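A structural walkthrough
These are the residues of each chain, in order.
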Amino acid sequence: MNETLTGAQITVRLLERQGIRTVAGIPGGAILPIYDALGQSTAIRHVLARHEQGAGFMAQGMARATGETAVCLASSGPGATNLLTAIADAKLDSIPLVAITGQVPQAMIGTDAFQEVDTYGLSIPITKHNFLVSSAEELLEVIPRAFAIAASGRPGPVLVDIPKDVQTQAIEIAGWPEPGKAAPTPAAEPASIAAAAAMIDAAERPILYLGGGVVHSGAAPLAVDLAEKAGLPTVMTLMALGAMPVDHPLSLGMLGMHGARHTNLALDECDLLIAVGARFDDRATGKVAAFCPQAKIIHIDIDPAELDKIKTAHVGIVADVGQALAELLPAVATRARPAWTARIAALQAAFPPALPGCDDPRSHFGLIRAVAACLDRDAVVATDVGQHQMWVAQAYPLRRPRQWLTSGGLGTMGFGVPAAIGAALAEPDRTVVCFTGDGSILMNIQELATAAEENVNLKIVLMDNASLGLVHQQQTLFYGERLFASQFRRTPDFVAVARGFGISAVDLDQAANPCAVLIDAISRPGPCLIHASIDVEQKVYPMVPPGAANRDMIGA
């Protein structure tokens, strides 16, 4: 039986058919028809963010925690521009997102109408694809296609800009399109798989290098199987942490700018680098010409544009990394590498990870370890961006993929709290902890109101050093200790602020037994802010200076 529906109703119905059950956003005049239709949906729950950037990061948190495409909504003009940072962040970290924005009526586009910007033009460089919809009928094709594009190949964000007159246009619907889904992935070339297997078998000092693509594709178990079968010491990018458990015998942890010294030195000696779902980011490689100088390279990635972009591969394989690993696994020989294992052990003994104060919950590393001791591997760990992010990457025992949510490529301060809210909405049975800094939390502190309203099971660990920590560190080390605009002359009473938003809060500075306070705060359901002061002179070490080779780390 045919139905007559408006473009707004069609949009909501198509979201329902895609399986979307939670969206985050903020209404405004140009998207009110969609909000009116959304208010009548019995399938979709709307989460009211307090800033559109917060809505975008909440959607990212849902997508990062589950691997499924998530949705955020914003109105035209400032609503859309506020969303752009979250969209750009999703693009650089390959997060599947569909952002739906309202737009002024088509007849007013280009007239500098109230709250009009060229959302389509602004979003071209930071999306996988974008659409400016011209009719209600077009929505039947565009919405499923947006979901298909977001999830296909290398995931990423898609923007759909819908003028208000398209939202109110009524048309007769004779039938519904199939929901959009990821397209089949290209198969790996058998010859390339065989060549890669032969190189792995012949190598004496190989290293497996895992990137975020291993997590996105669900291929972490296969990567661990390959490492175990072929005896491959394994390093991970910031985005791949958790793909191999931190305490696995083959795990060398994070490589790059703030990786362990022994990890970067092992890479300097390897004769084969097997890069899987990694893009040779500058924070991982340091000076590119000096990265793995003795190594041949096998590079497996679903995005052909990544092959040979930074480092030339001896064998390049364009494929879903899960499918490629499944084919590579039976082709490689089972092998122990005692000499290489002994050399790795010697490097680890000579340059052990330095986690000073890890037994003191009032220190930065000790606080992270104390929080981890209160949680199990089911917990989700989110961070903002800054020193705390790197300290958590170094010290938190991450043991499963999708346990770790952080802004890698764009490095967006303000990411942590809203992304953690999104993860808590998507995974209500898990405890979500967000490590943040005093600089980062102020970027989107208004989302504490959303956390309180939704009563999410979120624990926010605020590491407060009254500064922009990484800026302070770089100015201290590389700018002659000329500290400018990196220290806050006045900071808020964060405990009082959190309570003002309706969230419980504790101050570890005032606690006689900080571990007992932590256990109590983390075990209680609902949102809670945990404040702890951190010494501003503490630095993230070791560190590769800008432009230097990874082997030339400074600090611990």
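Now for a look at the structure at hand. Remember, predicted model here, so these are calculated numbers, not experimental data. (Residues numbered from 1 in each chain as written. Predicted model: local features only at pLDDT ≥ 70, side-chain atom pairs only at ≥ 80, totals over all residues. Heavy atoms only, no water.)

1. Let's talk about the overall build of the protein chain
Regarding its fold elements, the protein chain presents 22 helices and 20 strands. For 556 residues, the compact-globule formula gives about 24 Å, and the C-alpha radius of gyration of the protein chain, at 24 Å, lands near that figure. Counting only C-alpha atoms and orienting by the principal axes, one finds that the protein chain spans roughly 70 × 65 × 45 Å. Across the 556 residues in the protein chain, those meeting the buried criterion constitute 59%. Of the contacts made within the protein chain by residues no fewer than 6 positions apart, 75% connect residues no fewer than 24 positions apart. Here the protein chain displays about 21000 Å² of accessible surface, and carbon together with sulfur accounts for 54% of that area. Here the protein chain carries 39 positive and 54 negative side-chain charges, and the mean point of each set is 6 Å from the other. (Helix = DSSP H or I, 4+ residues; strand = E, 2+ residues; numbered from the N terminus. Rg over C-alpha atoms; globule rule 2.2 N^0.38 Å. Buried < 20%, exposed > 50% of the residue type's maximum accessible area, 1.4 Å probe, protein only. Contact = heavy atoms within 4.5 Å. Areas by Shrake-Rupley, 256 points an atom, 1.4 Å probe, with all protein chains shown as cover. Lys, Arg positive; Asp, Glu negative; His and termini not counted. Charge placed at Lys NZ, Arg CZ, Asp CG, Glu CD.)

2. Things to note about the packing of aromatic side chains
Tallied over the full model, the rule gives 5 aromatic pairs. Aromatic pair Y209 and F291: ring centres 6.3 Å apart, planes at 65 degrees, arrangement edge-to-face. Of this pair, Y209 sits in strand β9 (residues 206-210) while F291 is found in the loop between α12 (282-285) and β13 (296-301), placing the two residues 82 residues apart along the sequence. Like F291, Y209 is buried. Residues Y396 and F435 carry aromatic rings whose centres are separated by 6.3 Å and whose planes lie at 70 degrees to one another, so their mutual orientation is edge-to-face. With Y396 in the loop between α16 (387-395) and β16 (404-405) and F435 in strand β17 (residues 432-437), this pair connects stretches of sequence that are 39 residues apart. The class for F435 is buried, based on a relative accessible area of 0%. In this structure an aromatic cluster arises from ring pairing among Y209, F280 and F291. (Phe/Tyr/Trp six-rings, centres within 6.5 Å; stacked < 30°, edge-to-face > 60°.)

3. Points about helix α20 (residues 469-478)
Inspection of α20 places G469, H472, Q473, Q475 and T476 among the buried residues, and these make up the whole buried set. Each buried residue of α20 sits inside an arc of 165 degrees when the element is viewed along its axis, so together they form one side. Contacts made by the buried residues of α20 are with α16. Once α20 ends, the next one or two residues include G480, with phi positive near 60 degrees. (Arc of directions from axis to C-beta.)

4. Observations regarding the layout of surface pockets
Rolling a probe over the atoms, with the probe sized like a water molecule, indicates the empty space that remains. Taken as a whole, the second largest pocket spans an internal volume of roughly 600 Å³. As for the second largest pocket, its lining consists of 32 residues, and the residues nearest its centre are V246, L252, G253, P353 and Q394. When residues of the lining of the second largest pocket are traced back to their parent elements, those giving at least two are β11 (251-254), α11 (261-269) and α16. Of all the elements, β11 adds the most residues to the lining of the second largest pocket, at 4 residues. (1 Å grid on protein atoms, 1.4 Å probe; cavity = no way out; pocket = protein on both sides within 12 Å on 5 of 7 lines; lining within 4 Å. Points joined across faces, edges and corners; volume = space filled by probe spheres on them.)

5. Notes on the side chain of D161
As for its position among the elements, D161 is in strand β7 (residues 157-163). Not counting the four nearest positions on each side in its chain, D161 is found in contact with T101, G102, Q103, T119, Y120, F131, L132 and V133.

6. So, the pairing of strand β20 (residues 528-533)
Of all 6 residues that make up β20, 5 are buried, and the element is covered over most of its length. Summarising the sheet, strand β18 (residues 458-464) and β20 pair through 6 bridges and their orientation is parallel. The residue of β20 that forms the bridge with K459 is C528. In terms of strand pairing, strand β19 (residues 504-507) meets β20 through 4 bridges, oriented parallel. (Pairing = 2+ DSSP bridges.)

7. A word on empty space enclosed by the protein
Per the stated rule, a full pass over the model turns up 2 cavities of 30 Å³ or more. Estimates place the volume of the largest cavity at around 120 Å³. For the largest cavity, the full set of lining residues is R64, I95, V215, H216, M239, L241, R402, Q403, W404, L405 and T406. Those elements giving two or more residues to the lining of the largest cavity turn out to be α9 (212-216) and β16. When grouped by side-chain class, the residues that make up the lining of the largest cavity number 6 nonpolar, 3 polar and 2 charged. One number sums up the size of the second largest cavity: a volume of about 40 Å³. (Nonpolar A, V, L, I, M, F, W, Y, C, P; charged D, E, K, R; others polar.)

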